[in-house]
Amino acid sequence: MSELNKIALKIISNGKGILAADESNGTMTKRLEAVNVTSTPENRLLFRETLFSSEGLNKYIGGVILYDETINQTTNFGKSIPDLISSSGIITGIKVDTGAKTLANSSEEKITEGLDGLRERLDKYYELGARFTKWRGVYAISDKNPSKLSINSNAHALARYSALAQESKMVPIVEPEVLMDGNHSADICLSKTSEVIKKCFEELTLHKVDLSGIILKPNMILAGSQSRRKILSEEVAQKTLDCLKNSVPNEVPGIAFLSGGQTEIEATENLNLINKYNNTNFIMTFSYGRALQQSALKVWSETNKDIQKTQNIFKHRARMCTLAAKAKWSIELEN
Ligand code: 13P
């Protein structure tokens, strides 16, 4: 077993998943302002250190993805953030892309940037304690999109990033996110997501990435958020499994879904059913941002930043997601 494979398994085994707390300052500002909190470095740190210092979190969370600002911060009780995370047996990860920009010659689409100087930045993050990394490619569905141009160029960038991350002894999370915005059907989401993921693995293979030392972070197969043809959770699970069975090579140890705008309960229920019907060798778990943090952020703002109440609600969500990753969740457990 390679070192990278061991790290990947440590992050996602036994029902554990990933907390995606890597919102850029722009995104985090939107999240904080939505609950009437001013977005300052201090407030961003305070909310995040409240989550990371939750007692017993390592039963549910194997890895935390940070943003550049956070990995360089020191907690209000004097520990660096990566030390706080590793002291509870959780692995530190870092988002290393620098964001999605307009794709030249396909101006409705995006290409993710951040390859220039990446090798040097990776070395710095390893020194700070990171052992895994994340890069997100983003694709929107419309009549003509995602285009071949965006599918090929984002897959190329994801592969070059992954090769560099592994060279720096860190596990790359490969995140091709097909957005749920739009009125497309779930079957369109299925065919587009399959095409996107297949192209990613073609490029990862070309770039000699060790597939046993990555984690795939895809979207689930859903109808578009404006579609009138919504599908049941059972179908989400079946279609998601069909998609991944046909597009992900067997060497990949695990798949950690993004929540992508689903509610906390939807993201939990869908993951539970995916695991109930999982007929693949892949570990299927979560790498949620909003679906782990939404209620906690609301309680944090409403209780004047009460640490205990915020941690209780956050740990409840993390525990529910872990139960879903073991196909042991049910709605009754929510109360
Ligand atoms: P969501 O779970 O909120 O989609 O965030 C996950 C993530 O890391 C998106 O890049």
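Above this text sits the structure in question.
Sequence order as written defines the numbering, with residues in each chain counted from 1. A pLDDT threshold of at least 70 governs which residues receive local features in this predicted model, and a stricter bar of 80 or more applies before side-chain atom pairs are shown or counted, although totals over entire chains, interfaces and linings include all residues. Note that water and hydrogens are dropped before the side-chain values are worked out from all heavy atoms of the structure.

Undergrad: Which residues make up the overall build of the protein, and what are the values?
TA: Segments assigned H or I by DSSP are reported as helices when at least four residues long, segments assigned E as strands when at least two residues long, and all are numbered from the N terminus. Each helix and strand counted, the protein has twelve helices and ten strands in total. Put simply, the radius of gyration uses C-alpha atoms, and a globule should come to 2.2 Å times the residue count raised to 0.38. Scaling as 2.2 N^0.38, a compact globule of 335 residues should have a C-alpha radius of gyration of about 20 Å, and the protein matches this with 19 Å. With the C-alpha coordinates of the protein rotated into their principal frame, the extents come out at 50 × 45 × 40 Å. Exposed residues in this analysis have more than 50% of their type's maximum accessible area, buried residues have under 20%, and partly exposed residues fall in between, with area computed by a 1.4 Å probe over protein chains only. For the protein, the proportion of its 335 residues judged to be buried stands at 56%.

Undergrad: Summarise the sheet that holds strand β3 (residues 91-95); cite the residues concerned and give the values.
TA: In this scheme, strands are said to pair when DSSP sees at least two bridges between them. The eight strands are arranged β1-β2-β3-β6-β7-β8-β9-β10 in a closed barrel whose pairing can be described as parallel. For strand β1 (residues 17-21) and strand β10 (residues 283-288), the ladder comprises two bridges, and the chain directions are parallel. Bridge assignment links Leu19 to a residue of β10, and that residue is Tyr288. Here, residues are in contact when the closest pair of their heavy atoms is within 4.5 Å. Between the N-to-C directions of two axes lies an angle of 0 to 180 degrees, each axis being a line fitted to C-alpha atoms and, for a helix, fitted only over the stretch in contact. Packing against the sheet, helix α10 (residues 264-276) makes contact with β9 (254-257) and β10, and its axis sits at approximately 165° to β10.

Undergrad: Which residues make up the site of the ligand, and what are the values?
TA: One heavy atom suffices: a residue is near a molecule or strand as soon as one of its heavy atoms comes within 4 Å of it. Around the ligand, the surrounding shell holds 13 residues, and the nearest of these are Lys134, Lys217, Ser259, Gly260 and Arg290. Polar contacts, as counted here, are pairs of nitrogen or oxygen atoms within 3.5 Å of one another; within protein the pair requires one atom able to donate a hydrogen and one able to accept it, and residues that are adjacent in sequence qualify only if both atoms are side-chain atoms. Within the contact set of the ligand, an oxygen atom lies 2.5 Å away from a side-chain nitrogen or oxygen of Ser259. One of the backbone N or O atoms of Gly289 is found 2.8 Å from an oxygen atom in the ligand. The Shrake-Rupley method, run with a 1.4 Å probe sphere, supplies the accessible areas, and residue values consider only the shown protein chains as cover. Taken by itself the ligand offers 300 Å² of open surface, and the protein chains cover 90% of this. For the shell around the ligand, the secondary-structure elements that each account for two or more residues are β6 (132-139) and β10. Along the lines of polarity and charge, the residues of the shell around the ligand split into three nonpolar, four polar and six charged. In this classification, Asp, Glu, Lys and Arg are treated as charged, Ala, Val, Leu, Ile, Met, Phe, Trp, Tyr, Cys and Pro as nonpolar, and every other residue, Gly included, as polar.

Undergrad: Lay out a negative patch on the surface in plain terms, naming residues and giving numbers.
TA: A contiguous patch of negative charge, built from Glu234, Glu235, Glu266 and Glu269, is present on the exposed surface. Of all elements in the fold, only α9 (233-247) and α10 reach the threshold of two or more residues within the negative patch. Locating Glu266 in the fold gives a position in helix α10. The class of Glu266 is partly exposed, set by a relative accessible area of 39%. The patches reported here contain residues having more than 30% relative accessible area and no salt bridge. Joining distances are 9 Å for like charges and 5 Å for nonpolar side chains (Val, Leu, Ile, Met, Phe, Trp, Tyr). Here, a salt bridge means any Lys or Arg side-chain nitrogen found within 4 Å of an Asp or Glu carboxyl oxygen. Positive charges are assigned to Lys and Arg, negative charges to Asp and Glu, while His and the chain termini are left out of the count. The location of each charge is read from NZ of Lys, CZ of Arg, CG of Asp or CD of Glu.

Undergrad: Outline the side chain of Ser150, supporting the account with residue identities and numerical values.
TA: Positionally, Ser150 belongs in helix α7 (residues 148-167). One polar contact links Ser150 to Glu109, side chain to side chain, over a distance of 3.2 Å. Apart from residues no more than four positions distant in its own chain, Ser150 is found in contact with Leu103, Glu109 and Tyr139.

Undergrad: Give me the lowdown on the nonpolar core, citing residues and values where you can.
TA: Grouped together as the largest cluster of nonpolar side chains are 86 residues, with contacts concentrated most on Phe52, Ile61 and Tyr288. At eight residues, the largest contribution of residues to this core is made by α7. Beyond its immediate sequence surroundings of up to four residues, Phe52 is in contact with Leu19, Ala21, Leu57, Val64, Leu66, Thr70, Ile81, Leu84 and Ile85. Counting 14 residues, the second largest nonpolar core, distinct from the first, contains Ala8, Ala20, Ile65 and Ile215. Here, nonpolar core refers to any group of buried Ala, Val, Leu, Ile, Met, Phe, Trp, Tyr and Cys residues whose side-chain atoms link them within 4.5 Å.

Undergrad: A description of the packing of helix α8 (residues 186-206) against α9 should follow, citing residues and the corresponding values.
TA: The contact between α8 and α9 brings their axes to 9 Å, and the two run at 25°. Put simply, α8 runs roughly parallel to α9. Here α8 and α9 pass one another in a crossing that is right-handed. Taking contact as the criterion, the partners of Ala186, Asp187, Leu190, Thr193, Ser194, Ile197, Lys198 and Phe201 in α8 are, on α9, Lys239, Cys243, Leu244, Asn246 and Ser247. For the contact of α8 with α9, the per-class residue count stands at six nonpolar, four polar and three charged. In these notes the angle categories are as follows: under 35 degrees is roughly parallel, over 145 is roughly antiparallel, 65 to 115 is roughly perpendicular, and the rest is oblique. In a left-handed crossing the near helix is turned counterclockwise from the far helix by less than a right angle, and in a right-handed crossing that turn is clockwise.

Undergrad: Describe the pairing of β10, with residues and values.
TA: The side chains of a regular strand alternate between the sheet's two faces. When you tally the buried positions in β10, you get five out of six residues, the bulk of the element. Relative to β10, β9 runs parallel, the two sharing four bridges. Within β10, the residue paired with Ile255 across the bridge is Met284. Classification remark: right-handed applies to a crossover when, strands pointing away from the viewer, the course from the first strand over the helix to the second runs clockwise. Read from β9 through α10 to β10, the crossover connection turns out right-handed.

Taken by themselves, the reported measurements are silent on function.
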